[in-house]
Amino acid sequence: MIIGLTGSIASGKSTVAAMLNELQLPIIDADLVARVVVEPGTETLQQIVEAFGEEVLLEEGTLNRPKLGDIIFHEPAKRKTLNDIIHPAIRREMLRQRDELLENGARHIIMDIPLLFESRLQHFVDNILVVSVKEETQLRRLMERNNLSESEAKARISSQLPLFEKEKGADAVIYNNQSLESTREQLHKILRIWQVVN
């Protein structure tokens, strides 16, 4: 079974990913893949340089993320250009990793995709597991974790699809409002129902 793991910023998705990792389930992490596809020598990095100029490279030839972030942050058209280059590359690499794991006999694979719904990648997976949290808990955690003001944290949260919308599209939801133990129990129960673990 291919399980799509998703959530929202500060919902606890990384915590659940770590628990899945403890169970030795193979995980394809979209955020890691996003770094791999722009490493020096990749076609994707070359396309980014062609679109944005040499100034987006650091001296050693790696991508200058803060510089690129500054360029696209205020210009939606440039952000779209970047997304049109990066997103297909990420998808190709995730599918390549998935197929390789399947060929090597993996029975269950976790695809950790923060923007699963926003990127419309539901068709990549068999079942969708959403890690959800109460709005006030999410806000508090994000402010504490990233040292943000309330308005900054709210702006980041509102840039993503609301968690209640993601819950509607989920095959199962983990409510990460209480203890780690409670979160782990919910995860194990779902995985038993899906016959991923005994």
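Located above this text is the structure these notes cover.
Computed from a prediction, not measured in an experiment: that's the story for all the values here.

### Regarding the sheet that holds strand E3 (residues 109–112)
Spatially, the 5 strands line up as an open sheet ordered E2-E3-E1-E4-E5, and their pairing is parallel. The open sheet is flanked by strand E2 (27–29) and strand E5 (172–175), the only strands paired with a single partner. Each adjacent strand pair in this sheet contributes to an overall mean axis angle of 20 degrees, direction not counted. One ladder, built from 3 bridges, connects E2 with E3; its direction is parallel. Paired with Asp29 across the bridge in E3 is Asp112. Seen against the sheet, helix H1 (residues 13–22) touches strand E1 (2–6), E2, E3, strand E4 (127–132) and E5 and runs at an angle of roughly 150 degrees to E1. On the sheet, helix H9 (residues 180–193) packs against E1, E4 and E5 and is oriented at approximately 165 degrees with respect to E5.

### Section: unusual backbone geometry
With phi around 55 degrees, Asn147 is a residue other than glycine that occupies positive phi space. Its location among the elements puts Asn147 in the loop between helix H6 (135–146) and helix H7 (150–158). The phi angle at Gln195 is positive, at roughly 60 degrees, despite the residue not being glycine. Along the chain, Gln195 falls in the segment after H9.

Calculation notes
- Residues numbered from 1 in each chain as written.
- Predicted model: local features only at pLDDT ≥ 70, side-chain atom pairs only at ≥ 80, totals over all residues.
- Heavy atoms only, no water.
- Pairing = 2+ DSSP bridges.
- Helix = DSSP H or I, 4+ residues; strand = E, 2+ residues; numbered from the N terminus.
- Axes fitted to C-alpha atoms, helices over the stretch in contact; angles between N-to-C directions.
- Contact = heavy atoms within 4.5 Å.

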